[in-house]
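Next come the chains, spelled out residue by residue.
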Amino acid sequence: MPRMAFNLPLSIVTRDLWHRFYQEQMQIDGGKNDKFAAWADTGGLVMGYYDGSQLPLWGVARKYVSLTTSSRQRSGAPSSTTSN
């Protein structure tokens, strides 16, 4: 079975994922970000997402929330701003 994200129904209530320094370092895996299912107590839940378009405040979020396609690691190290 291929590893890929899956849509969770809005009726599914999830719990908070780990936010522990050393486990996060293992999950980040040197920047590959590929060990979240392996180094957590939630298994494949980390691959789930909600389709927020069904929520009442979706329009407000689309208007006021800005997202980028890049993500910054939470390792505590400053991100590089230099270009080649």
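You'll find the structure just up there.
All values derive from a computational prediction rather than experimental measurement.

So, how was this worked out
Residues numbered from 1 in each chain as written. Predicted model: local features only at pLDDT ≥ 70, side-chain atom pairs only at ≥ 80, totals over all residues. Heavy atoms only, no water. Helix = DSSP H or I, 4+ residues; strand = E, 2+ residues; numbered from the N terminus. Buried < 20%, exposed > 50% of the residue type's maximum accessible area, 1.4 Å probe, protein only. Contact = heavy atoms within 4.5 Å. Areas by Shrake-Rupley, 256 points an atom, 1.4 Å probe, with all protein chains shown as cover. Salt bridge = Lys/Arg side-chain N within 4 Å of Asp/Glu carboxyl O.

**Details of the overall build of the protein chain**
Phase 1: For the protein chain, the helix and strand inventory stands at two helices and two strands.
Phase 2: Each helix and strand of the protein chain, ordered N terminal to C terminal, gives the series β-α-β-α.
Phase 3: Expressed as a percentage of the 84 residues in the protein chain, the buried residues total 7%.
Phase 4: Put simply, 62% of the contacts in the protein chain that link residues at least 6 apart link residues at least 24 apart.
Phase 5: Total accessible area on the protein chain is roughly 7500 Å²; 57% of this is exposed by carbon and sulfur atoms.

**Things to note about the pattern of salt bridges**
Phase 1: A complete count under the given rule lists one salt bridge for this structure.
Phase 2: For Asp29, the salt bridge identified is with Lys32, shortest N-O distance 3.6 Å.
Phase 3: Taking relative accessible area as the criterion, Lys32 reaches 59% and is therefore assigned exposed.

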